[in-house]
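Report on the structure
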Amino acid sequence: MVRTNISPNDPAEDHPTIGLIGMGAMGAMYAKHLSKAGWKKISVCDLPDKFDSLKLQYADVPGITVHPDGHAVSRISDFIMYSVEAEYIDRVVAQYGPSTKVGAIVSGQTSVKAPEKHAFEKYLPPDVHIVSLHSLHGPTVSPEGQPLVLIQHRAPDSSLHVVESIFRCFGSRFVYLTYEDHDLVTANVQAVTHAAFLTMGTAWASQRAYPWEQGQYVGGIETVKVNIMLRIYANKWHVYAGLAILNPSARIQIDQYASSATALFKLMLAGDEAGLRTRIYEAREQVFATVKAERAPIFLTEDVLDQFTIGGHPKLSGSPTGSSAPPSNSHLALLAMVDCWAHLHIQPFDHLDLAATPIFRMWIGVAEYLFRSPKRLDFAIRSAVYDVTHRSDDLEFVIAARGWSQCVSFGSLELYKRRFLETASFFESRFEEASAIGSEMIKAISQS
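Quick look at the structure, then.

Rules used throughout
Residues numbered from 1 in each chain as written. Predicted model: local features only at pLDDT ≥ 70, side-chain atom pairs only at ≥ 80, totals over all residues. Heavy atoms only, no water. Helix = DSSP H or I, 4+ residues; strand = E, 2+ residues; numbered from the N terminus. Buried < 20%, exposed > 50% of the residue type's maximum accessible area, 1.4 Å probe, protein only. Areas by Shrake-Rupley, 256 points an atom, 1.4 Å probe, with all protein chains shown as cover. Pairing = 2+ DSSP bridges. Right-handed = clockwise from strand over helix to strand, strands pointing away. Axes fitted to C-alpha atoms, helices over the stretch in contact; angles between N-to-C directions. Parallel < 35°, antiparallel > 145°, perpendicular 65-115°, else oblique. Left-handed = near helix turned anticlockwise from the far one by under 90°. Contact = heavy atoms within 4.5 Å. Lys, Arg positive; Asp, Glu negative; His and termini not counted. Salt bridge = Lys/Arg side-chain N within 4 Å of Asp/Glu carboxyl O. Polar contact = N/O pair within 3.5 Å; in protein donor to acceptor, adjacent residues only side chain to side chain. Core = buried A, V, L, I, M, F, W, Y, C linked by side-chain atoms within 4.5 Å. Expected span 1.5 Å × (residues − 1).

**What about the overall build of the chain?**
When you go through the chain residue by residue, the secondary structure sums to 19 helices and eight strands. Residues counted as buried form 56% of the 448 residues belonging to the chain. Total accessible area on the chain is roughly 18300 Å²; 53% of this is exposed by carbon and sulfur atoms.

Here it is as structure tokens:
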């Protein structure tokens, strides 16, 4: 029996055996931080054909023992975490679940919990406990201060406390949800946010140009858009595919985002400034009117964000925080985002306090920056109707948004993979720079 208040500082013989099945990017991140914290009995495995290379990789890492497969890990571990893609969770748990040690605590680090819950209930023996989790950030982001969802599904309080004790070393903020609430919240926080940036990337790639290098997307809000877009496309496609396709709530939201972008673009084409203004201000009222006045805004000044411009491109125009006017831009991606939230009755600031990812925090920050200022919002509306400078970009954006919505509605992971990788290949040469700059930008905004 593992003590509920166990700590890495306790004698090694008292430590629980921590099992990690799946050593991809997130599994490796967990192993690194658990080892660094001082846990002495960490058993890991990946696909059997990766056994030798994994042994070599972790030969000198304190506390980590590599095993041939999930059977070996499951038989000896007091706590087991499955860190595999959501589309494979059923198959992997079916294979290794029956070997689970009696009384062990089983968890999963999948971004979509419905398939995981089904697999655990179907294949795990009745004499094991289920306390699942999900770190709401990517493998390159420090877990300190980030939300770590804990789901006490089929387990006594003592098992939950053991899991809390194991992961207290991460410095994360524990968020307690059910399986169902998790999938709803992550759809609200992640799915439609990712869709916006996937759409931007596809639209820019379709034009076969890096707009920020041509002076079109430089500084402030555009810095955030470009950095997050590149950061997403530099990641693994399956991270976003599972979240979009396997989460029923996500499909609804992605479809609404495409519908919002289309409706707003039609108002732009019609030159209907009054209609566009009415719709945008109604969305503004619904999303931002209930935000507490004393809450500090997220967004940093544009002058600070300019430090994170890809390619070190100098700013070509002034910003709202400076003395000169910002460049004209409809900000259709942001207008559609807030319109989507309003139509689905989503209160993003509720999720911000509950379980915001770093990317969602930045996205809601730039949305707030635009919408909380009537001057900036009116300028965007007028630009959308009367300035055709970005009209071709907005057209590509709408086409891309509808394309991603259709892709998700088909429910094909293979189609999603192909669409993602085709766009990613266009930006690949910029990933290394974007990763370094994006990490610094996330750190700066997280501390704001």
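**Things to note about the pairing of strand 6 (residues 129–135)**
With six of its seven residues buried, strand 6 lies for the most part within the structure. As paired strands, strand 5 (residues 105–108) and strand 6 are joined by two bridges and run parallel to one another. Bridge assignment links Ile-105 to a residue of strand 6, and that residue is His-129. The β-α-β motif built from strand 5, the intervening helix 5 (residues 113–123) and the parallel element strand 6 has right-handed crossover chirality. The sheet contact formed by strand 6 and strand 7 (residues 147–154) spans six bridges and is antiparallel. Residue Leu-133 lies in a different strand from strand 7, and its bridge partner there is Leu-150.

**A few points about the pairing of strand 7**
Across four bridges, the pairing between strand 7 and strand 8 (residues 173–176) is parallel. The residue of strand 8 that forms the bridge with Pro-147 is Arg-173. One crossover worth recording links strand 7 to the parallel strand 8 by way of helix 6 (residues 157–167), and it is right-handed.

**What about the packing of helix 8 (residues 221–233) against helix 18 (residues 413–427)?**
Direction vectors running N to C along helix 8 and helix 18 enclose 120°, while the axes themselves pass 9 Å from each other. Taken together, the axes of helix 8 and helix 18 are oblique relative to one another. Considering how the two elements wind past one another, helix 8 and helix 18 form a crossing that is left-handed. Together, Met-229, Leu-230, Ile-232 and Tyr-233 of helix 8 and Phe-420, Thr-423, Ala-424 and Phe-427 of helix 18 make up the contact between the two elements.

**Comments concerning the side chain of Asp-393**
Along the chain, Asp-393 falls in helix 17 (residues 391–410). Although Asp-393 lies buried, it forms no salt bridge, and the closest oppositely charged side chain, Lys-225, sits 9.5 Å away as judged by the N-O distance. At 2.5 Å, the side chain of Asp-393 and the side chain of Gln-207 are in polar contact.

**Some thoughts on the environment of Leu-20**
Mapped onto the elements of the fold, Leu-20 is located in strand 1 (residues 18–21). Accessibility expressed as a relative area gives 0% for Leu-20, which makes it buried. Taking the C-alpha atoms as reference, Leu-20 lies 7.5 Å from Val-73; in sequence the two are 53 residues apart. Leu-20 has contacts with Gly-27, Tyr-30, Ala-31, Leu-34, Ile-42, Ser-43, Val-44, Cys-45, Val-73 and Met-81, leaving out every residue within four places of it along the chain.

**Considerations on the nonpolar core**
The nonpolar side chains of a soluble globular protein tend to be buried with one another. By size, the foremost hydrophobic cluster in this structure holds 78 residues, and its most contacted members are Tyr-257, Leu-276, Trp-341, Trp-363, Tyr-416, Phe-420 and Phe-427. Counting residues per element, this core draws most heavily on helix 7 (residues 179–206), which supplies eleven residues. When near neighbours in sequence (up to four residues on either side) are disregarded, Trp-363 contacts Thr-193, Ala-196, Phe-197, Met-200, Lys-225, Ala-333, Leu-334 and Met-337. With 32 residues, the next largest nonpolar core counts Val-2, Leu-150, Ile-166 and Phe-167 among its residues.

**Some points on helix 17**
For helix 17, built from 20 residues, the straight-helix expectation of 28 Å at 1.5 Å per residue is met to within 8% by its first-to-last C-alpha distance of 29 Å. Here helix 17 has its buried residues at Arg-391, Asp-393, Asp-394, Phe-397, Val-398, Ala-400, Ala-401, Gly-403, Trp-404, Ser-405, Cys-407 and Val-408. One or two residues past the end of helix 17 sits Gly-411, with phi positive at roughly 70°.

**Side note on the sheet that holds strand 1**
The mixed open sheet is built from eight strands, whose spatial order is 3-2-1-4-5-6-7-8. The open sheet is flanked by strand 3 (64–66) and strand 8, the only strands paired with a single partner. When strand polarity is set aside, the average angle formed by the axes of neighbouring strands in this sheet is 25°. Contacts from helix 1 (residues 25–37) reach strand 1, strand 2 (42–45), strand 3, strand 4 (79–82), strand 6 and strand 7 within the one sheet, and its direction differs from that of strand 1 by about 160°.

**Some remarks on unusual backbone geometry**
Positive phi outside glycine occurs at His-331, with the angle close to 50°. Within the secondary structure, His-331 sits in the loop between helix 12 (302–305) and helix 13 (332–343). The residue His-345 is not glycine, and still its phi comes out positive at about 60°. Looking at the element boundaries, His-345 is found in the loop between helix 13 and helix 14 (348–355).

**Some words on the pattern of salt bridges**
This model, assessed by the stated rule, comprises ten salt bridges. Among the salt bridges present, the one from Glu-116 reaches Lys-113, with a minimum N-O distance of 3.0 Å. With Glu-116 and Lys-113 both in helix 5 and three residues apart, this pair spans about one turn of that helix. The class for Glu-116 is buried, based on a relative accessible area of 0%. According to the relative accessible area criterion, Lys-113 is buried, its value standing at 0%. Of the charged contacts, one joins Arg-418 and Glu-422 as a salt bridge, the two residues approaching to 3.3 Å between their closest N and O atoms. Note that Arg-418 and Glu-422 are positioned in helix 18 at a spacing of four residues, about one turn of the helix. Among the ionic contacts, a cluster of salt bridges with common partners joins Glu-273, Arg-277 and Asp-378.

By themselves, these observations are geometric and do not establish any function.
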